[in-house]
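Understanding the architecture of this molecule
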Amino acid sequence: MAHPPLVLASTSPFRRTLLERLGIPFTTAKPCIDETRQPRETPQKMVLRLSEAKARAVAAAHPGSLIIGSDQVACIDETVLGKPGNRALAVEQLTRSSGRVVVFYTGLCLLNAATGCAQICCEPFRVHFRCLSPAQIAGYVDRERPFDCAGSFKSEGLGIALFERLEGDDPNALIGLPLIRLIGMLESEGIDLFAPSAA
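This report concerns the structure included in the present document. This is a predicted model, so every value here is computed, not measured. (Residues numbered from 1 in each chain as written. Predicted model: local features only at pLDDT ≥ 70, side-chain atom pairs only at ≥ 80, totals over all residues. Heavy atoms only, no water.)

Moving on: the pattern of salt bridges. Scanning the model with the defined rule gives 9 salt bridges in all. The residue R56 makes a salt bridge to E52 at a minimum N-O spacing of 2.8 Å. With R56 and E52 both in helix α2 (residues 43–59), this residue pair falls 4 residues apart, about one helical turn. Classification of R56 as partly exposed rests on a relative accessible area of 39%. Between R87 and D142 there is a salt bridge; the shortest N-O distance is 2.6 Å. (Salt bridge = Lys/Arg side-chain N within 4 Å of Asp/Glu carboxyl O. Helix = DSSP H or I, 4+ residues; strand = E, 2+ residues; numbered from the N terminus. Buried < 20%, exposed > 50% of the residue type's maximum accessible area, 1.4 Å probe, protein only.)

Throughout the structure, instances matching the rule amount to 4 aromatic pairs. Summarising the aromatic geometry, the rings of F129 and F163 are spaced 5.3 Å apart at their centres and angled 85° between planes, so their arrangement reads as edge-to-face. Of this pair, F129 sits in strand β6 (residues 118–129) while F163 sits in strand β7 (residues 163–168), and the two are 34 residues apart along the sequence. Comparing F129 with F163 shows no difference in burial state: the two are buried. Plain terms: the ring middles of F153 and F163 are 4.9 Å apart, the flat faces sit at 80° to each other, and that makes the pair edge-to-face. Here the residue F153 occupies a position in the loop between α4 (134–144) and β7, and F163 occupies one in strand β7, the gap between them amounting to 10 residues. (Phe/Tyr/Trp six-rings, centres within 6.5 Å; stacked < 30°, edge-to-face > 60°.)

So, about the pairing of β6. Pairing of strand β5 (residues 101–112) with β6, which is carried by 11 bridges, proceeds in the antiparallel orientation. In the strand pairing of β6, V102 is matched with V127. Here β6 runs beside β7; their pairing, made up of 5 bridges, is antiparallel. By the bridge assignment, F129 is partnered in β7 with F163. (Pairing = 2+ DSSP bridges.)

The complete set of buried residues in helix α3 (residues 87–97) reads A90, Q93, L94 and S97. Axial view of α3: buried residues confined to an arc of 95°, hence all on one face. Exposed and oriented more than 90 degrees from the buried face of α3 are A88 and E92. In this fold, the buried residues of α3 make contact with β3 (66–76), β4 (79–81), β5, β6 and α4. A distance of 3.2 Å separates the backbone nitrogen of A88 from a side-chain oxygen at the start of α3, and that oxygen is part of N86. (Arc of directions from axis to C-beta. Contact = heavy atoms within 4.5 Å. Polar contact = N/O pair within 3.5 Å; in protein donor to acceptor, adjacent residues only side chain to side chain.)

On to the packing of α3 against α4. With their axes 10 Å apart at the nearest point, α3 and α4 run at an angle of 135° to one another. Here α4 runs oblique to α3, going by the angle between their axes. Considering the relative orientation of α3 and α4, their crossing is right-handed. Note on element contacts: α4 touches α3 through I137, A138, Y140, V141 and D142, opposite R87, A90, V91, L94 and T95. For the contact of α3 with α4, the residue count by class is 7 nonpolar, 1 polar and 2 charged. (Axes fitted to C-alpha atoms, helices over the stretch in contact; angles between N-to-C directions. Parallel < 35°, antiparallel > 145°, perpendicular 65-115°, else oblique. Left-handed = near helix turned anticlockwise from the far one by under 90°. Nonpolar A, V, L, I, M, F, W, Y, C, P; charged D, E, K, R; others polar.)

Between the first and last C-alpha of α2 there are 25 Å, a value that for 17 residues agrees with the 24 Å anticipated at 1.5 Å per step. By the burial criterion, the buried members of α2 are P43, M46, V47, L50, S51, K54, A55, V58 and A59. Looking at the buried side of α2, the elements it contacts are β3, β4, β5 and β6. (Expected span 1.5 Å × (residues − 1).)

Here it is, written out as structure tokens:
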């Protein structure tokens, strides 16, 4: 039995590459939402809210589909580290992260557009940074230019050299899409990734 069409409510190339690993066809759609953090909103509640909002934002254009929404923030304590956008802010973020633990919270939503029912979770992942010298930080930023990445690094690239250790249930969460949790959500919607018809 064919499963409903799958839509990734994101134009992130990192999330698209991760989802491709599951070997099932999907399309992508850009969600247009306000991603501003609400007053007194915790990072965990923010990513839960935004991941669902992204999925629902594209639902009208994809009735009958299963829609994946995801959102991620990096935090030191309760302070959110956004995407730096430029070199100076990337250096500043990595300098602040040096020798400390940065927690990434990734919100995940699987929305059944036909029923309106959503499965939502928040997946934490802890990154223990090495003590980094100013030269190391500058060298990394100039080499990888991680200006569009929360926390100012690309763990799938040279960013792995910034870390002392990683702590979490799903390394994919660090890149922006917790595949292990997503697989469970898909199974609850009747999608068996090992079935011949899944792909």
